[in-house]
Amino acid sequence: MSGAQEKPLRADAARNRARLLDIATQVFTTRGAGVPTEEIARAAGVGVGTLFRHFPTKEALLEAVVVRRLETITARTAELIARAEPAEAFFACFRLVVEQSAGKGEFARTLAAAGVDVHASLRESSAAMRAQLAELLAGAQRAGAVRPDLGLPELIALLVGTGATMDQLGDEQAARERIFEVVFDGLRPR
């Protein structure tokens, strides 16, 4: 067989993998990590065998979802840094990280229970995200939009805490917006 005949199969495989990750991200985020892999395969329009060729276990699929989410946040944050003013970029990134953290705690617990070291999988993306957060924080502080006494460790703690708070609120949008208002007010200089 020629390489030209193999190329469509690789493209199909890549599309299947991407579709599986899209569907798994949506399903795990809205319904939790307990959803059976068969449902994810069915929702993605592929067979279970195709799912398991890409992700040999449910934990491998969940781990790929977690890694992909952080990579997506990192890419979106890079766009914010490049396109927005420092204050706008900082607060938009804060919102993005919190909104994208939905279900993250459950994912981490599920993976840890299965013996998966999710921190090792996220090491590279986490380092890139920390660097971006430090850049955003410094820029917003230089612009006078964020209090100067806030350090990166406190910012990360606020992101994690705000994400956990949002998980407790569920889908109540008005309450979620109030939480953002309170946190953002606390981040601004006095």
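This one's a predicted model, so the numbers in the text were calculated from it and none came from an experiment.

Draft legend 1. Summary view of the nonpolar core. Membership of the largest hydrophobic core comes to 28 residues, with the highest contact counts inside it found for Phe-90, Phe-94, Leu-155 and Leu-187. If you list the elements that add at least two residues to this core, you get helix 4 (58-83), helix 5 (86-100), helix 7 (118-142), helix 8 (152-169) and helix 9 (173-187). Residue contributions to this core peak at eight residues, all from helix 5. Ranked by size, the runner-up nonpolar core spans 18 residues in total, among them Leu-21, Ala-33, Ile-40 and Ala-44.

Draft legend 2. Molecular detail of the packing of helix 5 against helix 8. Where helix 5 meets helix 8, the closest approach of the two axes is 9 Å, and the angle between their N-to-C directions is 50°. Between helix 5 and helix 8, the interaxial angle falls into the category oblique. Remark: the crossing between helix 5 and helix 8 carries right-handed chirality. Every residue of helix 8 that contacts helix 5 at Phe-90, Phe-94, Val-97 and Val-98 is listed here: Leu-155, Leu-158, Leu-159, Thr-162, Gly-163 and Met-166. Residue composition of the contact of helix 5 with helix 8, grouped by class: eight nonpolar, two polar and no charged.

Draft legend 3. Just helix 9, in detail. Taking 1.5 Å of rise per residue, 15 residues should cover 21 Å, and helix 9 covers 21 Å from first to last C-alpha, within 8% of that figure. Where helix 9 is concerned, the buried positions are Ala-175, Arg-176, Phe-180, Val-183, Phe-184 and Leu-187. Along its buried surface, helix 9 packs onto helix 5 and helix 8.

Draft legend 4. Quick peek at helix 4. Over its 26 residues, helix 4 extends 37 Å from the first C-alpha to the last, a length consistent with the 38 Å expected when each residue adds 1.5 Å. Among all positions in helix 4, only Leu-61, Leu-62, Ala-64, Val-65, Val-66, Val-67, Arg-69, Leu-70, Ile-73, Thr-74, Thr-77 and Leu-80 are buried.

Draft legend 5. Layout of the confidence of the model for the chain. Of the residues in the chain, 84% reach a pLDDT of 70 or more, and the chain-wide mean stands at 85. No element of the chain has a lower mean pLDDT than helix 6 (residues 104-113), which averages 63, and none a higher one than helix 9, which averages 95. Under a pLDDT of 50 for its full length, residues 1-9 has, in the predicted model, one contact with residues more than four places off or in other chains.

Draft legend 6. Expanded view of the packing of helix 4 against helix 5. Two elements in contact, helix 4 and helix 5, have axes separated by 10 Å at closest approach and are oriented at 165°. Compared by their axis directions, helix 4 and helix 5 come out roughly antiparallel. Considering the relative orientation of helix 4 and helix 5, their crossing is right-handed. Facing Arg-69, Ile-73, Arg-76, Thr-77, Leu-80 and Ile-81 of helix 4, the residues of helix 5 in contact are Ala-89, Ala-92, Cys-93, Leu-96, Val-97 and Gln-100. Among the residues making up the contact of helix 4 with helix 5, the classes are represented as eight nonpolar, two polar and two charged.

Draft legend 7. Here's a closer look at the pattern of salt bridges. Scanning the model with the defined rule gives seven salt bridges in all. Residue Asp-12 pairs with Arg-15 through a salt bridge whose shortest N-O separation is 2.1 Å. Remark: Arg-15 and Asp-12 occur in helix 1 (residues 3-31); sequence separation between them is three residues, near one turn of the helix. Taking the relative accessible area as the measure of exposure, Arg-15 reaches 51% and is therefore exposed. One salt bridge in this structure joins Glu-99 and Arg-95, with 3.7 Å as the shortest N-O distance. Placement of both Glu-99 and Arg-95 in helix 5 is noted, with a separation of four residues, approximately one turn of the helix.

About the cut-offs
- Residues numbered from 1 in each chain as written.
- Predicted model: local features only at pLDDT ≥ 70, side-chain atom pairs only at ≥ 80, totals over all residues.
- Heavy atoms only, no water.
- Core = buried A, V, L, I, M, F, W, Y, C linked by side-chain atoms within 4.5 Å.
- Buried < 20%, exposed > 50% of the residue type's maximum accessible area, 1.4 Å probe, protein only.
- Helix = DSSP H or I, 4+ residues; strand = E, 2+ residues; numbered from the N terminus.
- Axes fitted to C-alpha atoms, helices over the stretch in contact; angles between N-to-C directions.
- Parallel < 35°, antiparallel > 145°, perpendicular 65-115°, else oblique.
- Left-handed = near helix turned anticlockwise from the far one by under 90°.
- Contact = heavy atoms within 4.5 Å.
- Nonpolar A, V, L, I, M, F, W, Y, C, P; charged D, E, K, R; others polar.
- Expected span 1.5 Å × (residues − 1).
- pLDDT = per-residue confidence, 0-100.
- Salt bridge = Lys/Arg side-chain N within 4 Å of Asp/Glu carboxyl O.

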